[in-house]
Amino acid sequence: MIKKSKISNSINVALLASVSAASAVSVSAYAEEESANVERIAVTGSRIQRQDMETASPVTVIDAGAIRAEGYNSVDEILQSQPAMAGMAVGSTTNNGADGVAQVDLRGMGSNRTLVLLNGRRMVNSGSGADSAVDLNTIPVAMIARVEILKDGASAVYGSDAIAGVVNIITKKDFEGFQFDVNGGATSEGDGENIELSGLYGFNTDRGNFTFGLAYSERKGVMQGDRDWVEQGESSFIPEGTLGGKQINPETGEWGDREYGYDYTQDSWLQTPNKRYSFFANGMHELNNDMILSGDVLYTKRKSKQMMAAQPANLDLKVCENNIKQDDCITLDQAMIDGGVAADEEGMINYRKRMNDVGNRVYEQETDTFRISAGLAGVIDVNTGMDWDLSYTYGKNEADTWVHNSIHQGNMEKSIYANQDAWFGGDPMSQEMIDAVSYTEQTNGGNEQHVVAGVISGEAFDLEAGAVAFAIGAEYRHESGYYNPDPVIVAGEGTAAQQDPTDGSFDVFSVYQEVSVPFTDKLTGEFALRYDDYSTFGSAATWKIGLTYEATGDLMLRTVAATGFRAPSVSELYGGNSGSYDYLTDPWNNEQDPQILVNYTSDEDLDAETSESFTAGLVYSPSYIEGMSLTLDWWRFKIDGAIARLDVQAGLDNCFAGDASACDTFNIGANGDLSDLTNPLTNVGYQDTSGIDFNLAYTFEGLGLDWKINNDLTYLLNFEQDGVDYTGTIGGMYGGYAEYKNNFNLTASRGDWSVMYSNRYIGEMNDVNTGEDISSVLYHNISGVYHFTDGFSANVGVKNLTNEEPVSVTSGNEAGTVPEVYDTLGRQIYAGISMKF
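Cut-offs and rules
Residues numbered from 1 in each chain as written. Predicted model: local features only at pLDDT ≥ 70, side-chain atom pairs only at ≥ 80, totals over all residues. Heavy atoms only, no water. Pairing = 2+ DSSP bridges. Helix = DSSP H or I, 4+ residues; strand = E, 2+ residues; numbered from the N terminus. Disulfide = S-S within 2.5 Å. Buried < 20%, exposed > 50% of the residue type's maximum accessible area, 1.4 Å probe, protein only. Polar contact = N/O pair within 3.5 Å; in protein donor to acceptor, adjacent residues only side chain to side chain. Contact = heavy atoms within 4.5 Å. Core = buried A, V, L, I, M, F, W, Y, C linked by side-chain atoms within 4.5 Å. Salt bridge = Lys/Arg side-chain N within 4 Å of Asp/Glu carboxyl O. 1 Å grid on protein atoms, 1.4 Å probe; cavity = no way out; pocket = protein on both sides within 12 Å on 5 of 7 lines; lining within 4 Å. Points joined across faces, edges and corners; volume = space filled by probe spheres on them. Nonpolar A, V, L, I, M, F, W, Y, C, P; charged D, E, K, R; others polar. Phe/Tyr/Trp six-rings, centres within 6.5 Å; stacked < 30°, edge-to-face > 60°. Lys NZ or Arg CZ within 6 Å of the ring centre and 35° of its normal. Arc of directions from axis to C-beta.

## Remarks on the pairing of strand β7 (residues 194–205)
And step 1. Sheet analysis places strand β6 (residues 177–187) next to β7, joined by 9 bridges and oriented antiparallel. Residue pairing across strands places Gly177 opposite Gly202, the latter belonging to β7.
And step 2. Counting the residues that bridge the hairpin from β6 to β7 gives 6 residues, and of these Gly190 lies at a positive phi of roughly 85°.
And step 3. In this structure, β7 lies alongside strand β8 (residues 208–219), joined through 12 bridges in antiparallel fashion. Each residue of the ladder has a partner; that of Leu200, found in β8, is Gly213.
And step 4. Counting the residues in the hairpin turn of β7 and β8 gives 2 residues.

## Thoughts on the state of the cysteines
And step 1. Under the criterion given, the structure shown has 2 disulfides.
And step 2. The disulfide that involves Cys320 links it to Cys329, with 1.9 Å between the sulfurs. In this structure, the disulfide formed by Cys320 and Cys329 twists by about 95° around the S-S bond and is classed as right-handed. The same class applies to Cys320 as to Cys329, namely buried.
And step 3. Bridging Cys655 to Cys663, the disulfide has an S-S length of 2.0 Å. When the S-S torsion is 100°, as for the bridge of Cys655 with Cys663, the disulfide is right-handed. Each member of the pair Cys655 and Cys663 is classed as buried.
And step 4. Each bonded cysteine of the chain is numbered by sequence order, and under that numbering the disulfide pairs are 1-2, 3-4.

## Points about the side chain of Arg566
And step 1. The topology assignment puts Arg566 in strand β25 (residues 555–566).
And step 2. Arg566 sits in the buried class, given a relative accessible area of 2%.
And step 3. A distance of 2.9 Å separates a polar atom in the side chain of Arg566 from a polar atom in the side chain of Glu572.
And step 4. Beyond its immediate stretch of four places on either side in the chain, Arg566 contacts Asn112, Arg113, Ser160, Asp161, Ile163, Glu572, Ala608, Glu609 and Ile643.

## Section: the nonpolar core
And step 1. With 39 residues, the main nonpolar core has Ile67, Leu79, Ile139, Ile144, Val147 and Ile169 as its most contacted residues.
And step 2. When residues of this core are traced back to their parent elements, those giving at least two are α4 (75–80), β2 (114–118), β4 (144–150), β5 (165–171), β29 (628–645) and β31 (705–721).
And step 3. Looking at this core element by element, the count peaks at 4 residues for β29.
And step 4. Contact partners of Val147, with chain neighbours within four places excluded, come to Thr60, Val61, Ile62, Ile67, Leu79, Val167, Asn168 and Ile169.
And step 5. Leu243, Ala313, Leu315 and Leu332 belong to the second largest nonpolar core, which has 25 residues in total.

## Observations regarding the pattern of salt bridges
And step 1. As enumerated under the stated definition, the model contains 22 salt bridges in all.
And step 2. Between Glu77 and Lys799 there is a salt bridge, and its shortest N-O distance comes to 2.8 Å. On the criterion of sequence distance, the pair formed by Glu77 in helix α4 and Lys799 in strand β40 (residues 792–799) is long-range, its members being 722 residues apart.
And step 3. As a salt-bridge pair, Asp688 and Arg636 come within 2.7 Å of each other at their nearest N and O atoms. Here the residue Asp688 occupies a position in strand β30 (residues 678–702), and Arg636 occupies one in strand β29, the gap between them amounting to 52 residues.
And step 4. The class for Asp688 is buried, based on a relative accessible area of 14%.
And step 5. Residues joined by salt bridges that share partners form a network here, namely Arg113, Arg566, Glu572 and Glu609.

## Focus: empty space enclosed by the protein
And step 1. Here the structure, examined in full by the defined rule, presents 10 cavities of 30 Å³ or more.
And step 2. When its volume is computed, the second largest cavity comes out at roughly 330 Å³.
And step 3. In this structure, the second largest cavity is lined by 31 residues; those nearest its centre are Asn125, Asp131, Ser132, Asp161 and Glu479.
And step 4. Counting only elements with at least two residues in the lining of the second largest cavity, the list comes to β2, β20 (438–463) and β21 (466–484).
And step 5. At 4 residues, the largest contribution of residues to the lining of the second largest cavity is made by β21.
And step 6. Partitioned by chemical class, the residues of the lining of the second largest cavity number 12 nonpolar, 12 polar and 7 charged.

## Remarks on the sheet that holds β5
And step 1. Here we have 5 strands laid out as an open sheet, ordered β1-β4-β5-β2-β3, and mixed in their pairing. Each edge of the open sheet carries a strand with a single partner, namely β1 (59–63) and β3 (121–122).

## Examining the packing of aromatic side chains
We describe a pair of aromatic rings using the distance from one ring centre to the other and the angle between the two ring planes.
And step 1. Under the criterion given, the structure shown has 21 aromatic pairs.
And step 2. Judged by centre distance (5.9 Å) and plane angle (50°), the ring pair of Trp635 and Phe637 falls under tilted. Side by side, Trp635 and Phe637 carry an identical accessibility label, which is buried.
And step 3. What links up through ring pairs into an aromatic cluster is the set Tyr201, Phe203, Phe210 and Phe212.
And step 4. The side chain of Arg107 reaches across the aromatic face of Trp635, ending 3.8 Å from its centre.

## Some points on the sheet that holds strand β38 (residues 773–774)
And step 1. Sheet architecture is open: 4 strands sit in the order β34-β33-β37-β38, paired in mixed fashion. If you trace the sheet from one side to the other, it starts and ends with β34 (735–736) and β38, each paired once.

## Description of helix α12 (residues 648–656)
And step 1. Residues of α12 that are buried: Val648, Gly651, Leu652 and Cys655. Here the buried residues of α12 occupy an arc of 100° about the axis, which is enough to place them on one side.
And step 2. The secondary structure elements touched by the buried residues of α12 are β27 (595–601), α13 (660–665) and β30.
And step 3. Taking the backbone nitrogen of Gln649 as reference, a side-chain oxygen 3.1 Å away marks Asp647 as the first, capping residue of α12.

## A word on the environment of Val684
And step 1. Considering the arrangement of structural elements, one finds Val684 in strand β30.
And step 2. Given a relative accessible area of 47%, Val684 falls into the partly exposed group.
And step 3. In this structure the C-alpha to C-alpha distance between Val684 and Leu646, which are 38 residues apart in sequence, comes to 7.6 Å.
And step 4. In this structure, Val684 is in contact with Ala642, Ala644 and Leu646, ignoring residues within four places of it in sequence.

## Regarding the pairing of β31
Where a strand is regular, its side chains alternate between the two sheet faces.
And step 1. The sheet contact formed by β30 and β31 spans 16 bridges and is antiparallel. Among the inter-strand pairings, Thr699 is bridged to a residue of β31, identified as Lys708.
And step 2. The hairpin turn running from β30 into β31, its antiparallel successor, is 2 residues long, and Leu703 in that turn takes a positive phi close to 60°.
And step 3. Two elements, β31 and strand β35 (residues 740–750), share 10 bridges in a ladder whose sense is antiparallel. Note on β35: the bridge partner recorded for Asn710 is Asn745.
And step 4. In this sheet, strand β32 (residues 724–725) lies alongside β31 in antiparallel orientation, the contact comprising 2 bridges. Bridge pairing links Glu720 to Asp725 in β32.
And step 5. Between β31 and the antiparallel strand that follows it, β32, lie 2 residues; Asp722 among them carries a positive phi value of about 50°.

By themselves, these are just geometric observations and shouldn't be taken as functional.
Structure (C-alpha cells):
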C-alpha cells in the first residue's frame, strides 16, 4: 500500500484524474478520506482543477470496457464510428494515397483541424514526413484507459489545431499486477484476420507507481476482387498497350479501336495489411511531501502496405519526321497507318500501357514514432488547492517508404525508341525490357516536436457563491518536418508526377489564462484568453466565454462562444512543388487528355486560419426517472481564411475569357500554354457548418437484470465549404456528410456476465457529382462478456451481423463506394480473453 501525505494526495488526484470526466467516481472514492479540496480534477477543455464535472463544453467519453466490448482494433475505428465524425478520414480501408496512416475527422472539417492529445499533452504529428496530423496507429488500443472527445473549439485553451475540437487519449496508469490480453477476429468470408497481443505490468512503491506495457497487433489485407458486390472497374490503360488510342491484335497483327478496359479492382485492397509493435510506460514518484515527478513513454513501429494495379504509363512519343527511323523517335508501319494510328499536328503520339509484366504497385511503409513526456507538480497552498505543474514533451517520427515496381519514364522512352517492335507487337515484355524500365521508388521523412509548458492553478479568492478558480500558464513549442522524394521523382523522370523535397520548422511561444467565476449559486462563467506568437505568420489571440446555469435541480443550461485558429503546417509553408494530374477541360483545346498536369505549390507567407465556434445546450437529469440523463447541444463552426487551393478550372475559363489576373495566378502562357500550370496554396477558403447533438443515457433494473441504454444522435444542419453546399452529400473526394447519424447501445448484465446489442445508422445522402440518391444503412452488432473469476474474463462479438453491403456511390473513390464512410468488409467475428494476476 502506498503511503501518501495529504499534500501529495492533492497532487496525485489531479494527476491520476488527468482530464477525465469518466474518472469522477474513482477519483472521488480515492479522495473520500481527505478534505473536500482534494476532490478537484481537470476536465478536457480546461486546465482548471474543479469539483463539478459538468462544464459549459460538451464532452463524450469512451472507456476501455466499451472499446473491448465492441471489438475495436484501432483508435481511428473507435473515433470514426462516432456520429460527430464526418468527411473522409483515412484509415485501414484507404488503399490509395494514405501511406498507411489513420486519422480522425471531427465534424468533417479536416483531420488537421482536430487536436489530438495524449494524457492531456500534444502528440507529435506522424506519417510519411512533414505531416499535418497525428497518425492514430501510433497509439495501441491496449494502452487506452479512455478516449475523450471535446466537441467545441478549444484554441483559447490548447492553441492551434483545436478548431473543430479535441481528442484526448488517456492511457492506463496506476496499475498493480500483471495482465495479459489476446484479442482477434476475422470476417465471415474467412479473410481480414486481425490479432492483438498485449501485456501490462505495474507495481507500487512507497512513493509511487510504475506501469509498463507491450503490444503487438497485425491486420491482414482483403482484396476488392474477393467481394461479390464490387463491380468491375475499367481503365483505358491495358496490358497490351494503346498507341494513339488504337490497339494491336497480337494474333492478326492488325490495329484498331480499343475493345475493352482493364479491371483494376482485382489488384487492389479493401483492407490494407498492417503490423504494429508498441511499448508504453507510465510512472509517478513522490519526491517529497510537496512535489511529484510523473512521466510517460510511448514507442510504436508500424509496418504497412497498400497495393494497386500495375503502374499506368502515359508517354507522348515523337514520330520520326517523314517516318524515317531515327534514334529518338518511332516510325509507323503500314498496319498502324491502316488501323488509324496517326501523329498529332506536332508530330507526337500518345502511348499508354498498363505495366502488368512489371507487377502491381506495392506501397510499403516502415515508421518509428517515439514520445516521452515528463512533469513536475507541486502544491503552493494546500488550503486553496493552488498548485503548479512543469512539463517537457518530446516527440519524433521517422518514416521510410517504398513503391515497388515503379516505372522510370525516361528509361522507358529510350527503350521504346531503341526497340519499338518489341513494345508495339502485343507480346509480353521480356525480362530485359522489365529490368530496363522498372525500379523501386524510395523516400524518407519525419517530424519532430519539443514542448515546454508550465501552469499554476487554484483558487484566487472567494465570492458569495463560491471560489473564483483560475489557471495561468506559458508554453514554448518547436515543430519541424521533412520529406525527401526519390531522386527519380525529383528529377521528373518517373511516370508518377514530379515532386520536390520538403524541409522546414517553426517556433511558437504562448501565454494563456482561464478563470471560472461562480456569479451565483446557479450561474457560473468560464473565461479563457490565449496569445500565441509564431516565428512564421506572426501572432494570434483567441478567447472563450462559457456559461452554465442550473435552472432547476434537474436542468442545467450551457453555452460557449469561442474564437480559434490553425497555424499553417510545415508542408503548407515549405512543401516542395509537386505535380498532380487533375481532370480538367482545356478551353483552348490544346490539351486533349482530360488529365492535365498541375504544379501544386506551397507558400512561406501563408497566414493562419481563423475560426468562430458557438454551442448552446442543456443537460437534463429528471429526478422522477432515476438513472436517466440527456444532453442536447446546438453547435456551429465558421472558418475564414482557410488554407486551400484555388479552382483551377475556373482559372482556366476566366483566363480564356480575357482575365489577365487569372492567367498570371495560374501561370497560363500565351495562347493557352499550360506547360507551367500552377495551383498555389492561399488563404482563400472557408467553412460554415452547424448541427445538433443529442445523447440519452439510462440505467435501470428490470426482469432481474441491470440495463444500460445509450443513444447518440448528430443532426447535420449545414456544411458549406468554398461556395459548395455538401449537406447530405457523399463523394470520393470529400467523403460523407449525412444529415442523420445515430449510434444506439443496449446492455443487459447480471453478476458475471453482460450482453450488448448496438446499431449504427448512416442516413441517406446524394452523390455530390451525379445527384443520385444514396440510401441509408443500418449496421447491427452484438457482443457478450463473461467474468469467470476476478482476474479472468472472455468476450465474443459480431460486427455487421446482417452482413450489410456498402452502398454504391458512382463518384466514389474505391470499389464503387467510399470505404472511409461505409463498412466494406461485411460480417466480422471477434473474441478475446483477459487474464490478470
